[in-house]
Amino acid sequence: MTEQQAVPVRDAATVVLLRDGATGIEAWLLTRVTQMVFAAGMSVFPGGRVEDADADLPFASDEPLADAAERFGCDERVARMLLGGAARETFEEAGVLLGAPAADLSGAWRDVEAGRVSFGDLLRANGVAIDAGALHPWSRWVTPEGEVRRYDTRFFVAALPSDAEAQDVTTESSSAGWVGIAAALEQAERGERGMLPPTLATLASLADFTTVADALAAAPGRPVGAIRPEITVTDDGRVLAVMPDGSSVEIPRAMLR
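The present account deals with the structure reproduced in this document. Residue indices begin from 1 for each chain and proceed along its sequence in written order. In keeping with the predicted nature of the model, local features appear solely for residues at pLDDT of at least 70, side-chain atom pairs appear and are counted solely at 80 or more, and the whole-chain, interface and lining totals rest on all residues. To get the side-chain values, all heavy atoms of the structure are used, and hydrogens and water are removed first.

### As for the environment of Leu 97
Line of reasoning, step 1. Strands here are runs of E lasting at least two residues and helices are runs of H or I lasting at least four, both read from the DSSP assignment and numbered beginning at the N terminus. For Leu 97, the location among the structural elements is in the loop between helix H2 (76-94) and strand E5 (99-100).
Line of reasoning, step 2. Residues Leu 97 and Ala 164 lie 67 residues apart in sequence; the distance between their C-alpha atoms is 7.6 Å.

Set out below in structure tokens:
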């Protein structure tokens with residue numbers, strides 16, 4: 001890729017929404033519509049590019065903002081954008097509000113997603129602030145060079161609020177639902193569920209936890225330095241994302257230019 005073709009790296013946030021299921025932890029996974037430019041047809045967690053306006057959203061407490069800024073090595077305004085964007089994307093793509101006090105505003109998701117009502121205006125009109133303490137930093141992934149879109153994505157884990165119900169609402173997905181961690185990994189292994197390396201690695205990192213509470217308790221001790229896979233092409237034409245530890249994951253050619 002020449003310098004003129006270089007793809008800018010944008011800040012993004014992803015939320016691994018979790019709940020306790022009958023056979024272990026379950027995660028909310030969306031399958032992106034095939035018309036999407038990035039990660040078309042892939043199973044992903046709710047998330048996306050953060051916006052400047054996300055930094056100006058109301059927050060219930062500043063303490064989680066300072067913690068996120070310290071852990072991700074960014075200033076507090078960027079931390080506000082990341083946490084605000086994470087909460088906004090979770091609402092837009094799963095209908096779940098990570099807010100305080102608890103409120104059911106799911107009926108307004110369509111207006112927010114369509115841009116008819118801003119997420120901030122919706123929160124303020126209902127006296128709700130983002131519960132940033134519900135978003136726990138988990139990892140950070142930077143998209144390799146060579147892909148159509150590149151993001152510096154901070155991953156957060158969050159428990160489904162007890163009074164909330166995730167919904168298959170976003171127009172960016174063809175389907176969405178709760179999937180057991182082990183089942184999702186098995187489906188990916190059999191080639192039944194397409195997932196990019198960060199999604200696979202995140203699910204694998206959660207596989208040994210028995211409950212959501214156990215996973216959240218482990219979050220403060222996790223390293224969140226940037227993981228930067230490198231793309232390589234094998235002699236037989238397969239495209240691999242090579243991790244810093246030398247392991248690799250095959251990725252679809254549709255993800256590349």
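That was the structure; now back to the text.
### Let's talk about helix H6 (residues 197-206)
Line of reasoning, step 1. Each residue's exposure class comes from its accessible area (1.4 Å probe, protein chains only) as a fraction of the maximum for that residue type: buried when under 20%, exposed when over 50%, partly exposed otherwise. Taking burial as the measure, the ten residues of H6 include seven buried ones, the bulk of the element.
Line of reasoning, step 2. Burial in H6 covers these residues: Pro 197, Pro 198, Thr 199, Leu 200, Thr 202, Leu 203 and Leu 206.

### Considerations on the pairing of strand E12 (residues 239-242)
Line of reasoning, step 1. A strand pair is defined by DSSP finding two or more bridges across the two strands. Examined bridge by bridge, strand E11 (residues 230-233) and E12 share four bridges and lie antiparallel to one another. Bridge pairing in E12 places Val 233 opposite Val 239.
Line of reasoning, step 2. If you look at the hairpin formed by E11 and E12, you'll find five residues sitting between the two strands, and Gly 237 has a positive phi there, around 90 degrees.

### Quick notes on the pairing of strand E7 (residues 136-142)
Line of reasoning, step 1. With respect to burial, E7 is a largely interior element, six of its seven residues being buried.
Line of reasoning, step 2. Pairing of E7 with strand E10 (residues 226-227), which is carried by two bridges, proceeds in the parallel orientation. What sits directly across from Arg 140, in E10, is Ala 226.

### Structural notes on the nonpolar core
Nonpolar side chains in soluble globular proteins tend to be buried together.
Line of reasoning, step 1. To form a nonpolar core, buried Ala, Val, Leu, Ile, Met, Phe, Trp, Tyr and Cys residues must be joined to one another through side-chain atoms within 4.5 Å. Formed by 46 residues in total, the largest nonpolar core has its most connected members in Leu 17, Leu 83, Phe 91, Phe 119, Leu 135 and Phe 156.
Line of reasoning, step 2. At the level of elements, strand E1 (9-21), strand E2 (24-32), helix H1 (63-72), H2, helix H3 (109-114), helix H4 (119-125) and strand E8 (150-159) are the ones that each hand at least two residues to this core.
Line of reasoning, step 3. Looking at this core, the element that brings in the most residues is H2, giving nine residues.
Line of reasoning, step 4. Sequence-distant contacts of Phe 119, that is, excluding residues within four places in its chain, are made with Leu 57, Ala 87, Arg 88, Phe 91, Leu 97, Val 112 and Ile 130. Contact criterion: two residues are considered in contact whenever any of their non-hydrogen atoms come within 4.5 Å of each other.

### Points about the environment of Ala 55
Line of reasoning, step 1. Within the element layout of this structure, Ala 55 appears in the loop between strand E4 (47-49) and H1.
Line of reasoning, step 2. As for Ala 55 and Arg 77, which are separated by 22 residues in sequence, their C-alpha atoms are 6.0 Å apart.

### Some points on the side chain of Arg 71
Line of reasoning, step 1. Structurally, Arg 71 is set in helix H1.
Line of reasoning, step 2. None of His or the chain ends enter the tally, which takes Lys and Arg as positive and Asp and Glu as negative. Each reported salt bridge corresponds to a side-chain nitrogen of Lys or Arg within 4 Å of a carboxyl oxygen of Asp or Glu. Asp 67 is the oppositely charged side chain nearest to the buried, salt-bridge-free Arg 71, at an N-O distance of 4.9 Å.
Line of reasoning, step 3. Residues adjacent in sequence count toward polar contacts only when both atoms are side-chain atoms; beyond that, a polar contact is any pair of N or O atoms within 3.5 Å, and within protein one must be able to donate a hydrogen and the other to accept it. Within the local environment of Arg 71, its side chain forms a polar contact with the backbone oxygen of Pro 137, the two atoms lying 3.4 Å apart.
Line of reasoning, step 4. In terms of polar contacts, Arg 71 uses its side chain to reach the backbone carbonyl oxygen of Ala 219, at 3.2 Å.

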